[in-house]
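# Residue-level structural notes
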Amino acid sequence: MQSEKVVIVVGGDQTDVDALVQRYSESHRLIGADRGALALAELRTHFDAAIGDFDSVTPQEMEEIKKKSRVCRILPAQKDETDTEAAIAYAIETFNPEEIILLGAFGGRLDHLMSNLWLAFHPLVKEMAGKISLMDLHNTLRFYMPGSYALEKESDKKYLSFIGMTPIEKLTLTGVVYPLNGKDYDYPIALVSNEFEEAKAEMHFSFESGLLAVIQSADKRK
C-alpha cells in the first residue's frame, strides 16, 4: 500500500483551521473527528472521512457531514477511545500515512487539550514517532521516541522547545543557540525558547530513553 499524507481536523479551537486546510488540502487526505468533521463540511464540498460519536452536532449538521464525507463512521458515545484516537486509527488503517497533521488540537476545552497532549503515550502515535504533528498557525508539535533526528526549521517559526513528557536520558542538541551534550533529566522538563543557530536551517537532536515533545513556535502578532 502506498503511503499518503493525512490531515485530521479535531474539535478544539478552529481559529486557524480554514487557512491550514487550504494549505494542505491538495496534497493530504482530509478526515474530520467529531465536530472537526463539521468544520470540514463547512469548508469543503467533499472530504475523505468523518469519524466520531457526533454528540456535539445537531441533526441538521449531521446531515451536512454525511453529505460531504465519502465515509462516515458513527461511534457509540460510551467507548474506550476518544474520537481523535479513532480518527488516527482509521487514518493509519486506511491510508498507511507517512505523515499525520492534527488541526484544532489546541485551545478550546482544557481537558481536550490535555487529552491531545497525552496522545504521545498512545501506541499508534509512538509507532509514528516524528510523523504526527499537532499544528496551528503559530505552533508545530511533534512527539519523538529515543533515537537520533534531524529537524528542519520552519521559516515562519522562531522558537524551538524540547519538552520531556517523561524523564529523559542523554539529551543532545546541536545546531541551536543553547546546545546540550548528553544531559540527563530525572523528571519531566520543559526546555523552552531555544532557537536554531543563525543562518542554519537544520539542527540535530538525540536521546536514549524517554518520550520527547519538540515544538517550533512563533509569537502571535496583534
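### Points about the overall build of the protein
Looking only at helices and strands, the protein features six helices and 14 strands. Over its C-alpha atoms the protein spans a radius of gyration of 18 Å, differing by no more than 12% from the 17 Å that the globule rule assigns to 222 residues. The dimensions of the protein, computed from C-alpha atoms along their principal axes, are 55 × 35 × 35 Å. Going through the 222 residues of the protein one by one, you find that 48% of them count as buried. Pairs at least 24 residues apart make up 61% of the contacts formed inside the protein by residues separated by at least 6 positions. By element, 49% of the accessible surface of the protein is carried by carbon and sulfur atoms, the whole surface being about 11500 Å².

### Re the packing of helix H2 (residues 35-43) against helix H3 (residues 59-68)
It is the contact of H2 with H3, at a shortest axis distance of 9 Å, that shows an interaxial angle of 65 degrees. The angle between H2 and H3 falls in the class roughly perpendicular. Both H2 and H3 take part in a crossing whose hand is left-handed. Packed against H2, whose contacting residues are Arg35, Ala37, Leu38 and Ala41, the element H3 presents Glu61, Glu64, Ile65 and Lys68 at the interface.

### Remarks on the side chain of Ser133
Residue position: Ser133 is located in strand E6 (residues 132-135). For Ser133, a relative accessible area of 1% puts it in the buried group. A polar contact is formed between the side chain of Ser133 and the side chain of Arg142, at a distance of 3.0 Å.

### Some remarks on the nonpolar core
By size, the foremost hydrophobic cluster in this structure holds 32 residues, and its most contacted members are Ile8, Ile31 and Ile100. Mapped onto this core, the elements with two or more residues apiece are strand E1 (5-9), strand E2 (29-33), strand E3 (47-52), helix H4 (83-95), strand E5 (99-103), E6, strand E7 (139-144) and strand E14 (212-217). No other element matches H4, which puts six residues into this core. Each residue touching Ile100, except ones within four places of it in the same chain, is listed here: Val6, Ile8, Ile88, Ala91, Ile92, Met128, Lys131, Ile132 and Ser133. Grouped together as the second largest cluster of nonpolar side chains are 21 residues, Val21, Ala50, Met62 and Leu103 included.

### Thoughts on the packing of aromatic side chains
Per the stated rule, a full pass over the model turns up six aromatic pairs. When the ring of Trp118 is compared with that of Phe121, the centres are 5.9 Å apart and the planes differ by 50 degrees; the resulting orientation is tilted. Since its relative accessible area comes to 32%, Phe121 is described here as partly exposed. Both rings, one in Tyr149 and one in Phe205, keep their centres 5.2 Å apart while their planes meet at 25 degrees; by these two values the pair is stacked. Remark: Phe205 occurs in strand E13 (residues 202-207) and Tyr149 occurs in strand E8 (residues 147-152); sequence separation between them is 56 residues. Residue Phe205 is classed as buried on the basis of its relative accessible area, which comes to 2%. Above the face of the Tyr185 ring, Lys183 is positioned so that its terminal group lies 5.9 Å from the ring centre.

Cut-off values and rules
- Residues numbered from 1 in each chain as written.
- Predicted model: local features only at pLDDT ≥ 70, side-chain atom pairs only at ≥ 80, totals over all residues.
- Heavy atoms only, no water.
- Helix = DSSP H or I, 4+ residues; strand = E, 2+ residues; numbered from the N terminus.
- Rg over C-alpha atoms; globule rule 2.2 N^0.38 Å.
- Buried < 20%, exposed > 50% of the residue type's maximum accessible area, 1.4 Å probe, protein only.
- Contact = heavy atoms within 4.5 Å.
- Areas by Shrake-Rupley, 256 points an atom, 1.4 Å probe, with all protein chains shown as cover.
- Axes fitted to C-alpha atoms, helices over the stretch in contact; angles between N-to-C directions.
- Parallel < 35°, antiparallel > 145°, perpendicular 65-115°, else oblique.
- Left-handed = near helix turned anticlockwise from the far one by under 90°.
- Polar contact = N/O pair within 3.5 Å; in protein donor to acceptor, adjacent residues only side chain to side chain.
- Core = buried A, V, L, I, M, F, W, Y, C linked by side-chain atoms within 4.5 Å.
- Phe/Tyr/Trp six-rings, centres within 6.5 Å; stacked < 30°, edge-to-face > 60°.
- Lys NZ or Arg CZ within 6 Å of the ring centre and 35° of its normal.

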